[in-house]
Structures are given as structure tokens and as C-alpha cells.
Amino acid sequence: MAGRRNAPGELRYRLRVSGDDVNGFGKIRGYIMERDKVRRILRHSERQSSSGNGRRKGVLAALLVAFCMIFLTGCHGSQETKEAFEVPEEFDTSRDYEITFWAKNDTNKTQVAIYEQAIEDFEALYPNITVNIRLYTDYSDIYNDVITNIATDTTPNVCITYPDHIATYLTGDNQVVALDDLMTDEKYGLGGSELLFDSPTVDEVVPQFLEECQIDGTYYALPYMRSTEACYVNKTYVEALGFELPETLTWDFIWEVSEAAMEKDEDGNFVVNGQSVMIPFIYKSTDNMMITMLKQLDAGYSTAVGDVLLFNDTTTELLYEIAERAENREFSTFKISGYPANFLNAGQCIFAIDSTAGATWMGTDAPLLDISEDKLVEFETVVMAVPQYDTENVQMISQGPSICIFNKEESQEVLASWLFAQYLLTNDVQIAYSQTEGYLPVTTKAQESDEYQDYLSRSGEDNSTYYSVKIDAAKLLLDNIENTFTTAVFNGSTSLRSAAGQLIENTTKSARRGETIDDAYFETLYEDVTSLYRLDQIEAADDEDSGGLKDLGPLPQTSVILLGSLAAVWALILLYLLWRAVKTKKIS
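Residues numbered from 1 in each chain as written. Predicted model: local features only at pLDDT ≥ 70, side-chain atom pairs only at ≥ 80, totals over all residues. Heavy atoms only, no water.

J.: Where do I start with the nonpolar core in this structure?
T.: Formed by 82 residues in total, the largest nonpolar core has its most connected members in Ile129 and Trp418. When residues of this core are assigned to their parent elements, the largest contribution, eight residues, is made by helix α15 (residues 411–423). With sequence-adjacent residues up to four places away left out, Trp418 is seen in contact with Leu179, Leu182, Met183, Tyr188, Gly189, Leu190, Leu222 and Ile405. With 78 residues, the next largest nonpolar core counts Tyr283, Ala352, Ala499 and Tyr533 among its residues. (Core = buried A, V, L, I, M, F, W, Y, C linked by side-chain atoms within 4.5 Å. Buried < 20%, exposed > 50% of the residue type's maximum accessible area, 1.4 Å probe, protein only. Helix = DSSP H or I, 4+ residues; strand = E, 2+ residues; numbered from the N terminus. Contact = heavy atoms within 4.5 Å.)

J.: Looking at this model, I keep getting lost on the packing of helix α4 (residues 109–125) against helix α16 (residues 427–434). Mind explaining?
T.: Across the interface, α4 lies against α16 with an axial gap of 10 Å and an inter-helix angle of 175°. Comparing their axes, α16 and α4 come out roughly antiparallel. Across the interface between the two elements, Gln111, Ile114, Tyr115 and Ala118 of α4 pack against Val429, Ala432 and Tyr433 of α16. Of the residues in the contact of α4 with α16, the class split is six nonpolar, one polar and no charged. (Axes fitted to C-alpha atoms, helices over the stretch in contact; angles between N-to-C directions. Parallel < 35°, antiparallel > 145°, perpendicular 65-115°, else oblique. Nonpolar A, V, L, I, M, F, W, Y, C, P; charged D, E, K, R; others polar.)

J.: Before we go on, may I ask you to explain the sheet that holds strand β3 (residues 158–161) in this structure?
T.: Sheets are built from strands that pair by backbone hydrogen bonding, the pairs being arranged parallel or antiparallel. Pairing within the open sheet is mixed, and its five strands lie in the order β2-β1-β3-β14-β6. Each edge of the open sheet is held by one strand with a lone partner, namely β2 (129–136) and β6 (222–223). Here β6 pairs with strand β14 (residues 402–405) via two bridges, running antiparallel. When the sheet's bridge partners are listed, Pro223 is paired in β14 with Ser402. The strands that α4 touches are β1 (97–104), β2 and β3; relative to β2, the one it contacts most, it runs at about 170°. With respect to the sheet, α15 is in contact with β1, β2, β3, β6 and β14, its orientation differing from that of β1 by roughly 45°. (Pairing = 2+ DSSP bridges.)

J.: What is the right way to look at the pairing of strand β11 (residues 351–355) in this model?
T.: For a regular strand, the rule is simple: side chains alternate between the two faces of the sheet. Counted residue by residue, β11 has five buried out of five residues, so it is predominantly covered. Sheet topology note: the strand β8 (residues 229–234)/β11 ladder contains five bridges and is antiparallel. From the neighbouring strand, Tyr232 faces β11, where its bridge partner is Ala352. Alignment of strand β9 (residues 281–283) against β11, held across three bridges, turns out to be parallel. Paired with Phe281 across the strands is Phe351, a residue of β11.

J.: Please clarify how the packing of helix α11 (residues 286–296) against helix α12 (residues 313–327) should be interpreted in this entry.
T.: Each pair of packed helices can be described by the angle between their axes along with the distance between the axes. Across the interface, α11 lies against α12 with an axial gap of 11 Å and an inter-helix angle of 125°. Considering the angle they form, α11 stands oblique to α12. Every pair of crossing elements has a handedness; the one defined by α11 and α12 is right-handed. Across the interface between the two elements, Met289, Met290, Met293 and Leu294 of α11 pack against Thr314, Thr315, Leu318, Leu319 and Ile322 of α12. Class assignment for the residues of the contact of α11 with α12 results in seven nonpolar, two polar and no charged. (Left-handed = near helix turned anticlockwise from the far one by under 90°.)

J.: I would appreciate a short explanation of helix α19 (residues 468–479) in the present structure.
T.: In an α-helix, one turn spans 3.6 residues, which is why side chains three or four residues apart end up on the same side. Its 12 residues give α19 an end-to-end C-alpha distance of 16 Å, which sits within 8% of 16 Å, the value for a rise of 1.5 Å per residue. Listing the buried residues of α19 in full gives Val469, Lys470, Ile471, Ala473, Ala474, Leu476 and Leu477. (Expected span 1.5 Å × (residues − 1).)

J.: Please clarify how α16 should be interpreted in this entry.
T.: Among the eight residues of α16, six are classified as buried, and the element is accordingly described as predominantly covered. Among the residues of α16, Asn427, Val429, Gln430, Ile431, Tyr433 and Ser434 are the ones counted as buried.

J.: Would you explain the sheet that holds β9 in this entry?
T.: With mixed pairing, the five strands of this open sheet are ordered in space as β10-β9-β11-β8-β12. The open sheet has two edge strands with one neighbour each: β10 (331–333) and β12 (381–385). Neighbour-to-neighbour, the strand axes of this sheet turn through a mean angle of 25°, independent of strand direction.

J.: Please clarify how the side chain of Ser227 should be interpreted in this entry.
T.: Mapped onto the secondary structure, Ser227 falls in the loop between β7 (225–226) and β8. Taking relative accessible area as the criterion, Ser227 reaches 0% and is therefore assigned buried. Among the polar contacts listed, one links the side chain of Ser227 to the side chain of Ser355, at a separation of 3.5 Å. (Polar contact = N/O pair within 3.5 Å; in protein donor to acceptor, adjacent residues only side chain to side chain.)

What follows is the structure, encoded as C-alpha cells:
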């Protein structure tokens, strides 16, 4: 995922709710809420039955509980299906609307200020629309909260998210608004005649970025910002080791330089940096690492409809290579060692792969630092594409946040949400936000504007707005849009991404510990990762399915057991209360 401050993964959330079990989680959650209501009824009935005057009421209350239990068992979990959104003919400006906007920032006050300015400017144009922003520091938190709120029908109006996440949101009927009709609406669509701001047209949104927002032939999001991965290289150390940077990095070159960097002097320090610490190659997102390697080798990962192809011979060969490098301490990951930028800036790493959106953390003169200045080492930073297997066919991942809109009962409220979401694509917002990190605006309208071109041309004027490494990172993606790729999106694709990275993480840890890495190891690893991320429960969508979305069917067995246990406990409580009421009546 793009951004400097992403959490290591989503495993801690998966223990709470799996992306493939939204309906099951919602039903359990709803059951618990209703259970609490029943508990209050029981307490009241007990108080009533303890007095002579309330015995009859106690029996009646107990019978009411029985009715409630039967009702909950038969009807629990069912929600009214939302009507599919239809674009109103006119936006009703005589009414006031209050919409919620969930967004992510990288603990960057400048980004927060841009959001706040965008809201202020939008509300000035549409004074009848109030936008309430809720900021998160992690996309996984947004994802988890949306999943939870789907069960209670309290989703936000507008949300910054990823297509992989949207695929899970779509398991709820009409939860996310399909944008095809909105995008092309003559009045309120992209570039529409009734808009009060200068919106880009459909043709002015970069096609590759817009395509990422399409799931099963329908657009469910607008791209907001785009980034890719870059290899931030300590050129000074590469040349000190006797190498010259090629025009395009290759995996063989990375491994060769990394091996050479492990040479130590007689005092046990590394020759290249004179320090006791050196990790030549650190990769931030191992999800992307595995996915990119497989893509470059034209090996299996998944099909467009959700078949899992990750566990193949090429994957095993790659993991053997990674294990060897990890055992020699030439390679590590963010989850194991920490942020690549920290090691790069301290002269303890040569190749640091991270998002282009993390460029402001990279290099001796980086405006954002996580290490003290006395730890900084002077070196020349070069921004390059991630290493390739075939330099004639460069492949690099496209990533970055998108904007989706959640359906509501009032179509006018949805239209108000759409207007704000669309406003985030205007030049003022796109250019301002892209300048905070190495993001690229998602519209050609912004990219080709005089303002943005002037920004790019001023690289190196300072180490803040015009920080050269940040602008070089943006140019890297700008020059390689045609070479970017995305992975298929389906319900469960988030889990598959996490599984891809977990293979590298586990293998690297095992190799560093000196464990035996062989075919038996990988057979067990594949089984464990499949179980951990429930990949065996991902069902490929039938091409003939409407929209490609699967009916999740009955509750999972664990949910059935939980619900059955709760029902049994309450049944016993009910019998006890009835017995107590009858016994009290006989004594009197």
C-alpha cells in the first residue's frame, strides 16, 4: 500500500473479522446486540417475579423472552436490501446535507491542511453541504471500521480506500454506489454542466488509473492519488564497491552488490560503511515484492475471477533465493528490521524499496526523518524503478488510494456525496496533495497544467516543497504509467495479497534463524498460510454470475456454533425462570 506510515499488515484485524465473512460477522454482532436487549428483559422479569404482586408479570415477561428468542432465531441478521442508487434529475439546493468523509493521512499536517482547505472551499460553493472529516493513520483501520459499520448500516458517505477493500464491501447488497451513471451524467457527472467547480472530464482521468477502480465491469470508485514502488539507491556506496549503476536495475545486480557489501574488516565492521550494521537490501512491502516478482516472470498469482495461483513452482524458486540471501543477512524486510529509510539514511542500507509516496523520508536531505541528525550519513540518492528480470519489459506495480461512495436511503444525500468526491479531483486538490509526497495526480488535466509542470521543473530548489528525491519519485511514475500493472480485485483479494507477503516474511525469518529450508518446509508453509488467510474459502466468481459477486451462503460453522451456544444458554435461563415462577406460585 502507498504511504510512509502503513501498518505492517492486517492480521490483527483478521482475527476480529475476515473480509470473506462480512455477513457472518454482522449477524453475530447483531445477535449480541439483541441478546443484550433480552438480558434487560430477563432482569426486569426477575425483579417482578420476586414480589407477590409481580408474579404474573414475571411469567408473562418470561414468555415474552421465549417469543423474542424464537423471533431472533428465525429472523436475526436479516437486513432490508438497499435500493440501487439512481441519479436524481436535479440537486435539491433548498435542503441541508451533512456528510461524513473518512480519509487517511501519513501523520502529515500538510496533508491534513489540504483536506481541510478542500472542505472549506467546497462548502463555500455548496453552503447547504457540511462535510465532517474523520482522519485515520492506516488504511487497515478504515477497512476494519467500514466492515464493522456495514453490519449496523452506519457507513460513511465518502471514503478513501482501495479497490481490494471495496470488493469486500460489495458483499453487502448495494452498499457501495456504482458510479457509471454518475460519471457520465450530463449535469452532475465528470465535467458536468451543473457543477459549480472545474471538474475533469472522464477522458481527463488517466485511463490506467481509472481502470483500477473497475470491478467486474462496473466502476465503484474514483482514483484519488497514485504511486508506485521505487528503489532508493545509495549511489555513493554502489560505486565504492566497484559497481556502476545500470540504466535499469536487475535482480541479479541487486543481489551481486548486496553480497559484496557484506565484506568486513579485521575489526568486524563492514568495509563499505565502517559500521557494525549493514543490511544491503530492505523491502518495505513484501506483498508487492512477491506480486511484482511473479508478474515479471509471468507466473501465476490469481485469475481475474479469483482463482488462487500463488502456490506454484516459480514461487518456491523465488523463496529459495530469498532464503539464501536472508541467511547471509543480505536481505531483510520492514516487518523484521524496520523502515528502510532509517537504514538508508544512516548508511546501513544500499537498496531501499518503498513507495514513491514515501520519498520525503529518503536521503540525506530528506525533509522528514525518523533518526537523529548525528546518525545521518552523506550520500547521493538515486531514485530508480524496482529491479527487473527483463529490462526490455519493465513491470512495476500501480497503487494508491481511491474514493468510494456508500449508498444511503436518500438519493439527494448520495448526490451531495458524489459532488464532494468529485471535487477532490480538481486541480487545486490534486496538485496540492501530490506535492506533499511523491504522489502523482490522477488526471491529465492536473498533470499537464502549468502549475504542476512548474512544480516539476523546480526540483532541488529546496529540501521541502521542491525536494529533488520527492520530485524524482513522481517523475518515475509519470514516465512509466504504461509500464504499471494492477492485480485482479475480488472478494478475498486483500487476503491473497497479505498471504503473498507472508510467504516472504516467514521464509526470511526462518532463514535468519538457521532453520532448514527445503521442499518439506515450503509444503508446510503453504498449508499454514492458506489456513491463516483462509485462501481455501475464496471462491472464484462464475463468469456468468451477475456482476461476478458471490452469494456467501449460510453462516460459517464457527458462527453457527456461537449462535447455537448463545441460544442454548438463554433457553436454559428461560426454563429456570419459568421453574422459579411456578415454584413461587405453589409456595404462596
